[in-house]
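Inside the fold
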Amino acid sequence: MSTTVEASHHSGTGENYLTAGYGLKSWLMTTDHKRIAILYLLSISLFFVIGGLFAVLIRIELLTPAGDLVSADSYNKLFTLHGLVMIFFFLVPSIPAVFGNFLIPIMIGARDLAFPKVNLASWYVFTIGGLFTFAVVLAGGVDTGWTFYTPYSSTYSKTAVGLTAIGVFITGFSSILTGLNFVVTIHKMRAPGLTWFRLPLFIWAHYATSLIMLLGTPVVAISILLVFLERVFGIGIFDPALGGDPVLFQHLFWFYSHPAVYIMILPSMGVMSELIACFCRKRIFGYSFVAFSSLAIAVLGFLVWGHHMFTSSQSIYAGMVFSILTMMVAIPSAVKVFNWAATMYGGSISYETPMMYAFGFLGLFTIGGLTGLFLGALGLDVHVHDTYFVVAHFHYIMVGGAIMGYLGALHFWWPKMFGRLYPEAWAKLSSIVIFIGFNLTFFPQFLVGYLGMPRRYHVYPDEFQIFHVLSTAGASILAIGYAFPVVYLIWSLVRGEKAGPNPWNAKGLEWTVPSPPTTFNFDETPVVTEEAYDYSRPVEGKVV
Amino acid sequence: MSEHSIPARIYYLVFATLLLLTLITVEVAFYDLGILTFGVALGIACFKAALVILYFMHVRYSSGLTGIFVAAGFVFLAIMLTFFLLDASSRDWQYQPDSSGFSMVRPS
């Protein structure tokens, strides 16, 4: 996006949002969207490390066919906690809570989100939900799988299901509050001249994500509350022995949890549009199609949840309907991928670190998306349901797609957030290591899944060992790849070269303000006069 | 957000109506209305929900955009219930191969 910079947008006093106040209280009581984004960054990074440690234990256990590191019960708890932490406490909040919070007001020329105090409240709610999850670990863990399937979760499990349910229930409200804040901000606080079709596609993606958060999250909150009520009071909702219907729980759970995949991937898609436009020096091909495809994904994503239930005793007729609808949701996803490819065609592509992650995203998300069609096909899904094929598929979407987008965003906007540049060579190397490590971890899982290895087992036949050894070797490489950015990004905060307002020579309002931005982002409200990503015009706002 | 000022008596009136409808719900539960039992209970509940949304949540005095978002919630609720019922009502259908591939046989 380009703007007419009517006047300097910043005070030039040298003060920025990081130096606007010192001490713990100034952070814990802040209502500045940028500081809240940093609070989220720290919180979800902690959860990513914890979720990653559970994954490490899982992968070490699976090195050998025998269950020689942990017991079956402990293994159940490990994969449950890995899923719970990674999904509810890392992937769902990752890009929206960190980069959405930091960037949405600046990208639309506003001083803050519409409800700054609600924004801070959402972080506290998230933190309280997280504390419950820590309590679950201390209480001995939970073994239901992150899916909480009934009646096991509601009646039979002897683990800390109630505590987990409360934690997830509370955390859901954080999502709802964030989504509400984004929707109102995008509707009401855009700068003069910033029409809907001049908005960065990052904003469109977050708008669509927010709709899912608002419409879907209450359903999973209620579902988990019902599990809690059945477990504590014995009321018959899901347990057939009490007159309930366990498939009803799966309907309620997946009504949110399938769209939740799009909560994870849509913001990443928004990041991709920013990265590809910047590093190809071109306007996104078919801007309006890419914008509307975000909304189409948000809506269609609510119509396909039954493909998780083909083997659940859901009716075959419903299964056929869900199977057909599942094929439809591939269309807007493909629109995006094809349009990004068309944007790159003839573009002046450069290979800085964020673009390396964009390339990674494109390849991995495409594999994840296409294998999703295998699973959406009713007949084929019956054979690979609950095998490692499914595990590989959703990791290609959630890790290959969402985390690649997250890391791309982190590297793209890091200089903006902290005013420092990181060592490009190390960053590029780490992106390559992550790509190799990721593929070595998860591609063998497609093969072993297709051959019949079920998920959630810690003991398996000897002939599957080679695939698990490869997978564990890949996970080790992936862990090293993830460790690199921790080191060089922290190093950059101290020793990194100072970044100007626009180190990538990119278009967009966020690149017209200093790095790091001042507390109120703009001294004067900017006036937008150009389309998004108009790289045919010279980049403005390069003044320091 | 709506800046509309709502007289306190409206709130009291709505509150009284909600209490009255709650009493009616309890009272009706003691009568066997046959096929209407479920519909009456649900109808009263929906009416009460509408009062809360329109008055206590100020939707009646809010912008059209707010109305659209409220309506969207109900549309998605309808989607959810439609697919639940699609599954529940066809769970015992049988599929039999025939000359055209297969056909659905509904239980008699």
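Owing to the predicted nature of the structure, the values given are computational and were not obtained by experimental measurement.

Observations concerning the overall build of chain B
Broken down by element type, chain B carries three helices and two strands. Taken from N to C terminus, the helices and strands of chain B fall in the order α-α-α-β-β. Taking 2.2 N^0.38 as the reference for a compact globule, 108 residues should give roughly 13 Å; the C-alpha atoms of chain B span a radius of gyration of 21 Å, well beyond that estimate. If one aligns the C-alpha atoms of chain B with their principal axes, the spans along those axes are about 70 × 40 × 10 Å. Long-range contacts, defined as pairs at least 24 residues apart, comprise 48% of the intrachain contacts of chain B with a sequence gap of at least 6. Carbon together with sulfur atoms contributes 71% to the accessible area of chain B, which is approximately 7,800 Å² in total.

Digging into the pairing of strand 1 (residues 94-98) of chain B
Residues and elements named next belong to chain B. Looking at chain direction, strand 1 and strand 2 (residues 101-105) are connected through five bridges and run antiparallel. For proline 97, the partnering residue across the bridge sits in strand 2 and is phenylalanine 102. Joining the antiparallel neighbours strand 1 and strand 2 is a turn of two residues.

Details of the nonpolar core
Residue and element names in this part refer to chain A. The biggest cluster of nonpolar side chains holds 179 residues, and the ones touching the most others in it are Phe99, Phe202, Ile276, Trp340, Phe361, Phe412 and Trp413. Sorting elements by how many residues they give to this core places helix 9 (residues 246-280) first, with 23 residues. For phenylalanine 99, the residues in contact, after removing those within four places along its chain, are Ser94, Ile104, Phe202, Tyr406, Ala409, Leu410, Trp413 and Met417.

Digging into the interface of chain B and chain A
Taken together, the contact between chain B and chain A spans 17 residues of the former and 25 residues of the latter. For the pair chain B and chain A, the summed buried area comes to about 1,900 Å², and 83% of that belongs to carbon and sulfur atoms. Per-residue buried area on chain B facing chain A is highest for Phe76(B), Phe83(B) and Arg91(B); these three make up 31% of the total on that side. A salt bridge links Asp245(A) to Arg91(B); the nearest nitrogen and oxygen atoms lie 3.2 Å apart.

Details of the confidence of the model for chain B
Across chain B, the average pLDDT comes to 89, with 95% of residues at 70 or higher. The lowest-confidence element of chain B is strand 2 of chain B, averaging 76 in pLDDT; the highest-confidence one is helix 1 (residues 8-28) of chain B, averaging 95.

Examining the packing of helix 1 of chain B against helix 2 (residues 36-56) of chain B
Two packed helices can be described by the angle between their axes and the distance between those axes. Residues and elements named next belong to chain B. Two elements in contact, helix 1 and helix 2, have axes separated by 10 Å at closest approach and are oriented at 165 degrees. Overall, the two elements helix 1 and helix 2 adopt an arrangement that is roughly antiparallel. For helix 1 against helix 2, the interelement crossing comes out left-handed. Taken together, the residues of helix 2 that come into contact with helix 1 (itself represented by Ile10, Tyr11, Val14, Phe15, Thr17, Leu18, Leu21, Thr22, Ile24, Thr25 and Val28) are Val40, Ile44, Phe47, Lys48, Leu51, Val52, Tyr55 and Phe56. A per-class count over the contact of helix 1 with helix 2 returns 15 nonpolar, three polar and one charged.

Focus: a nonpolar patch on the surface
All names here are of chain A. The grouping of Val56, Leu57, Ile60, Leu63, Leu69 and Val469 at the surface amounts to a nonpolar patch, some 430 Å² of accessible area in total. Top element by residues in the nonpolar patch is helix 2 (residues 33-61). It accounts for three residues. Here valine 56 shows up in helix 2. Classification of valine 56 as partly exposed rests on a relative accessible area of 39%.

Looking at the state of the cysteines
All names here are of chain A. Inspection of every chain in the model, using the stated rule, returns zero disulfides over all chains. Cysteine 280 supplies the cysteine sulfur nearest to cysteine 278, a cysteine that is in no disulfide, at a spacing of 9.0 Å. On the basis of relative accessible area, cysteine 278 is assigned to the buried category, the value being 0%.

Let's talk about the side chain of Thr30(A)
Residues and elements named next belong to chain A. Relative to the assigned elements, threonine 30 resides in the loop between helix 1 (24-28) and helix 2. We classify threonine 30 as buried; its relative accessible area is 7%. Looking at threonine 30, its side chain comes within polar contact range of the main-chain nitrogen of aspartate 32, at 3.0 Å. Excluding its chain neighbours within four sequence positions, the residues that come into contact with threonine 30 are Arg35, Ile36, Leu39 and Leu120.

Quick word on the pattern of salt bridges
Residues and elements named next belong to chain A. Scanning all chains against the criterion turns up eight salt bridges over all chains. One salt bridge connects arginine 537 with glutamate 530, and the closest N-O pair in it is separated by 2.9 Å. Its relative accessible area of 5% is what places glutamate 530 among the buried residues. Several salt bridges share partner residues, and in doing so they unite Lys507, Glu530, Asp534 and Arg537 into one network.

Thoughts on the packing of aromatic side chains
All names here are of chain A. For the structure on display, the rule yields 54 aromatic pairs over all chains. Following the ring pairs from residue to residue traces out a cluster consisting of Phe48, Phe90, Phe99, Phe202, Phe279, Tyr406, Phe412, Trp413, Tyr482, Trp504 and Trp511. Its end group placed over the ring of tryptophan 27, arginine 35 keeps NZ or CZ at 4.0 Å from the ring centre.

Comments concerning the domain arrangement of chain B
All names here are of chain B. Along its sequence, chain B is organised into domain 1 (1-62) and domain 2 (63-108). Domain 1 and domain 2 are separated by 29 Å when their C-alpha centres are compared. Each partner contributes residues to the interface: domain 1 has four residues there, and domain 2 has five residues. Buried surface at the junction of domain 1 and domain 2, both sides included, amounts to about 310 Å², of which 79% is carbon and sulfur. It is Ile53, Val59 and Ser62 in domain 1 that bury the most area against domain 2; as a group they hold 100% of the surface buried on that side. Here domain 1 is connected to domain 2 by zero salt bridges. Counting every contact that joins domain 1 to domain 2 gives zero residue pairs in polar contact (both at pLDDT 80 or more). In terms of residue class, the side of domain 1 that touches domain 2 is built from three nonpolar, one polar and no charged.

A short note on the environment of Leu51(B)
Residues and elements named next belong to chain B. Note on placement: leucine 51 falls in helix 2. Each C-alpha atom of the pair leucine 51 and alanine 8 lies 15 Å from the other, and the pair is 43 residues apart in sequence. Once residues lying within four places of it in the same chain are set aside, the contact partners of leucine 51 are Val14, Thr17, Leu18, Leu21 and Phe56.

Conventions used here
- Residues numbered from 1 in each chain as written.
- Chains lettered and ligands numbered in written order.
- Predicted model: local features only at pLDDT ≥ 70, side-chain atom pairs only at ≥ 80, totals over all residues.
- Heavy atoms only, no water.
- Helix = DSSP H or I, 4+ residues; strand = E, 2+ residues; numbered from the N terminus.
- Rg over C-alpha atoms; globule rule 2.2 N^0.38 Å.
- Contact = heavy atoms within 4.5 Å.
- Areas by Shrake-Rupley, 256 points an atom, 1.4 Å probe, with all protein chains shown as cover.
- Pairing = 2+ DSSP bridges.
- Core = buried A, V, L, I, M, F, W, Y, C linked by side-chain atoms within 4.5 Å.
- Buried < 20%, exposed > 50% of the residue type's maximum accessible area, 1.4 Å probe, protein only.
- Buried area = accessible area lost by both parts, 1.4 Å probe.
- Salt bridge = Lys/Arg side-chain N within 4 Å of Asp/Glu carboxyl O.
- pLDDT = per-residue confidence, 0-100.
- Axes fitted to C-alpha atoms, helices over the stretch in contact; angles between N-to-C directions.
- Parallel < 35°, antiparallel > 145°, perpendicular 65-115°, else oblique.
- Left-handed = near helix turned anticlockwise from the far one by under 90°.
- Nonpolar A, V, L, I, M, F, W, Y, C, P; charged D, E, K, R; others polar.
- Patch = residues over 30% accessible without salt bridge, like charges linked within 9 Å, V, L, I, M, F, W, Y side chains within 5 Å.
- Disulfide = S-S within 2.5 Å.
- Polar contact = N/O pair within 3.5 Å; in protein donor to acceptor, adjacent residues only side chain to side chain.
- Phe/Tyr/Trp six-rings, centres within 6.5 Å; stacked < 30°, edge-to-face > 60°.
- Lys NZ or Arg CZ within 6 Å of the ring centre and 35° of its normal.
- Domains from an automatic or database assignment.

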